[in-house]
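# Structure at a glance
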Amino acid sequence: MKFGKEFKREMVPEWIEAYVDYTGLKHILQEIRHFKESKQPPTPARTLDQRLALYRNFSGLNLQGSVQNTGDIENQVIAVNTVQHENYRKFYKTKFLASPEGAENEIMFFDKLDHEFNKVNTFYKDKVDEVMREVTLLNKQMDALIALRIKVMDPGFNAFPSLQSLSLDINNSTPSRITSPLRMMTVDTDDMPVSPIFDPTYGRQASTTNASYPKLPINRNILRADSQKTDPLEILDHVKLVNTFESPISTIRGVLSESKENDLSYKKEELKKVEHRLKLIFIEFYQKLRHLKHFSYMNLSAFSKILKKYEKITSRKAARSYLKMVDNSYLGSSEEATSLLDRVETTFIKHFSQSNRREGMKILRPKHKREKHRITFTSGFFSGCSIALLVAVILLRDDRKLIDKDEGTSYLDKIVPLYSFYAYIVLHMLLYAANIYFWRHYKINYAFIFGFNQGTELSYREVFLLSNGLAMLVLAALLMHLHMNSRAEIYGTRIEYVPLGLIMVLLFITLCPFNIIYRSSRLFLIRCVFRCICAPLYKVTLPDFFLADQLTSQVEAIRSLEYYICYYTWIKSSHGHNTCQSHNVYNIFYFILAIIPYWFRFFQCVRRLFEEKDQAQAYNGLRYFLTILAVVIKTAYVLRKSLTWEVLVILSSLITTCFNTYWDIVVDWGLLRRKSKNKFLRDKLILHHKSVYFTAMVLDVLLRFAWLQLVLRFNVPSLQGSTVSSIFACLEVIRRGMWNFFRLENEHLNNVGKYRAFKSVPLPFAYHEEDEHKEE
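Right, let's walk through the structure included here. (Residues numbered from 1 in each chain as written. Predicted model: local features only at pLDDT ≥ 70, side-chain atom pairs only at ≥ 80, totals over all residues. Heavy atoms only, no water.)

### With respect to the side chain of Asn678
- In this fold, Asn678 is placed in the loop between helix H23 (643–668) and helix H24 (691–704).
- The class of Asn678 is buried, set by a relative accessible area of 11%.
- Among the polar contacts listed, one links the side chain of Asn678 to the backbone oxygen of Asp683, at a separation of 3.1 Å.
- When residues no more than four places from it in sequence are discounted, the contact partners of Asn678 are Asp683, Leu685 and Lys690. (Helix = DSSP H or I, 4+ residues; strand = E, 2+ residues; numbered from the N terminus. Buried < 20%, exposed > 50% of the residue type's maximum accessible area, 1.4 Å probe, protein only. Polar contact = N/O pair within 3.5 Å; in protein donor to acceptor, adjacent residues only side chain to side chain. Contact = heavy atoms within 4.5 Å.)

### With respect to unusual backbone geometry
- Phi angles above zero are rare outside glycine, and Gln354 is one such case at about 50°.
- Here Gln354 is to be found in the loop between helix H10 (336–352) and helix H11 (357–364).
- Assessed through its relative accessible area of 62%, Gln354 is described here as exposed.
- Here Ser355, not a glycine, exhibits a phi torsion of approximately 60°, which is positive.
- Locating Ser355 in the fold gives a position in the loop between H10 and H11.
- The class for Ser355 is partly exposed, based on a relative accessible area of 30%.

### Let's talk about the side chain of Ser353
- Considering the arrangement of structural elements, one finds Ser353 in the loop between H10 and H11.
- Once residues lying within four places of it in the same chain are set aside, the contact partners of Ser353 are Phe348 and Gly360.

### Quick word on the environment of Ser467
- In this fold, Ser467 is placed in helix H15 (residues 460–486).
- Ser467 sits in the buried class, given a relative accessible area of 0%.
- Linking Ser467 and Ala433, residues 34 residues apart in sequence, is a C-alpha distance of 8.8 Å.
- Other than its neighbours up to four places away in sequence, Ser467 contacts Val426, Met429 and Leu430.

### Some words on helix H12 (residues 373–398)
- Over its 26 residues, H12 extends 38 Å from the first C-alpha to the last, a length consistent with the 38 Å expected when each residue adds 1.5 Å.
- Among the residues of H12, Ile375, Ser379, Ser383, Ser386, Leu389, Val393 and Leu396 are the ones counted as buried. (Expected span 1.5 Å × (residues − 1).)

### Brief notes about the packing of helix H2 (residues 22–38) against helix H7 (residues 268–314)
- Closest axis-to-axis distance for the H2/H7 pair is 10 Å, and the angle between their directions is 5°. In terms of orientation, H2 lies roughly parallel with respect to H7. Across from Tyr22, Leu25, Lys26, Leu29, Ile32, Arg33 and Lys36 in H2, the residues of H7 making contact are Ala302, Lys305, Ile306, Lys309, Tyr310, Ile313 and Thr314.
- Across the contact of H2 with H7, the residue classes tally to eight nonpolar, one polar and five charged. (Axes fitted to C-alpha atoms, helices over the stretch in contact; angles between N-to-C directions. Parallel < 35°, antiparallel > 145°, perpendicular 65-115°, else oblique. Nonpolar A, V, L, I, M, F, W, Y, C, P; charged D, E, K, R; others polar.)

### Focus on the pattern of salt bridges
- Tallied over the full model, the rule gives 28 salt bridges.
- A salt bridge links Lys127 to Glu130; the nearest nitrogen and oxygen atoms lie 3.7 Å apart. Taken together, the residues span about one helical turn, with Lys127 and Glu130 both in helix H4 (residues 104–153) at a distance of three residues.
- Using a relative accessible area of 13% as the deciding quantity, one classes Lys127 as buried. (Salt bridge = Lys/Arg side-chain N within 4 Å of Asp/Glu carboxyl O.)

Everything listed here is a matter of coordinates, which is why it stays silent on function.
Laid out in structure tokens, this is it:
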């Protein structure tokens, strides 16, 4: 693989703008190559003074007496100078010292090379500074965690004798106890076993023991002359737990008390929550360090490769001088990220994996998922079986010898709604597989946006496999149902339990606790569904409201579940086709089930409004509230058609559709910007063809106005009753699939604009403000 493709493939998607523009530099080198190959003489109209003036404009160098014919020829090609900026940062400027004749492109090359290097170096320095600040916070969090462990696990522990002996060692400057005056100190005594905690300032790590009991690091600022009177567990008197309102109980307590901090209760459950949150923080912090190290390596390789290409094309020796400057810069000489990686590994293994290095490294460095050929083969096999079963169902349905025409039509109208539920789900899964394919193709980091753990996210092949497997299972059950019905005298009432058995099998697979059929993904889905149902009581994350949006497009599927209950209670007992609509209970729940997904989204908007204080969530909540009213009126019109309800349907649906369409295109997709570089779109686009965005906007408008079929009353003989509603329900699922791609594209571009490549996990402990001022 060529380096350019590898470089692009290995980029952190959210940091793509911070990397060196390797492609742009290659384009300039191609222009230099074309110029060299053409061997065109300089323009006669341009005098030597004009060329010298042009050269001064590019390089900022006065050539009078600057170039000598002695010395190393490489040193005469370029000269790299350091420029001190206002904020005391170093910037680098290269002066091109070769003959200016025909060298405009080479001057441009080094100008762009300097710009890219300064950009990369500055970004790397800022990120490392940010990491060092996080290290300081994590040190304080670990101090509190280990003190809490001792308090919970061994309340009678007395650290005073150890502190006393340690203070004597410090006063005597015992070499075995002190390795650096500013590093974090650790003690290895019988009274207080300890383990290392990483130091944000200096680099070496203290000696460790293999004890499995939680260890206590003692910060250097505690060990002063008066340390004999200080108890390290007093740190717990200066911290409180940060309440993130992640559970219903914490949310209710937070609303009642209006406090974001809780006093420590020194319970084991409290300790487990703190450990779990700090574990997640360490994992994210470690991934950030790995990305920083890889960022440095890839950019250094890019500068080396591009300079070698320059030397090959121009036959000028400039790489050694420039790379020497690169090696001496912060990007090339900084070792903070590498040093911190080792210390974080040791700390994580000791405190969060019971000193088991193998298990700890599995968590810190999960393996990338490998694509398996058997998944592709199985998916193709299931797809072929599904097509064959679908053809068999159609032929069996049209075979008059098996089913009488009148009785068959009535019977199919009763059982097809039992199976249409799966049709909506399969269609949605196929569109999701297509979305994953295009997200991957266009480098949209969907795994990070959804918060999937590395190695657990499903690829488009796996989702396609699941959808085809479900389709094959459902079509096989339907075919068996029709075949058994043709021989009712043999099978009797057992025929009616085929759909019920199918849904029981699917529920068992979904809720199965065993590690089969993508257990982590199933648990993730169940957790998101549960958080949607309890929307006001849980903190809203992107997967939660994204799933709730999917449910708003599956209203007909949710109503099919109600039909299951109706079929196995009233229809099966009375053998009547219109029994469901004749029961008021069914009609009431027909209303309720249609608005439930919108209520989920409404409550999620209310929760985000109170937490984030974002006024946009108020308008978003109003949008879903209006949609609820429109759905209620539309459902009433379907059940009881009249002129009054028809007028109400038109007015409510028109207002809601215009509001929702505007929100889809302008807010969710970020399009139709007034002051955009791309007319009627947005500044940054991932797709190369702008026509795709305009086509998507038109389709979204048309599919949003699909409700007009209720008013226009399309009169197609072969499409009557539930068939029409099923078709438009499928169109809504297709619209949602299209919306998914552009919604995540816009979210990804927002993350890229903010260089947000990691999840933000709140710290578990908060120190008192007065103590913070004292430390300052």
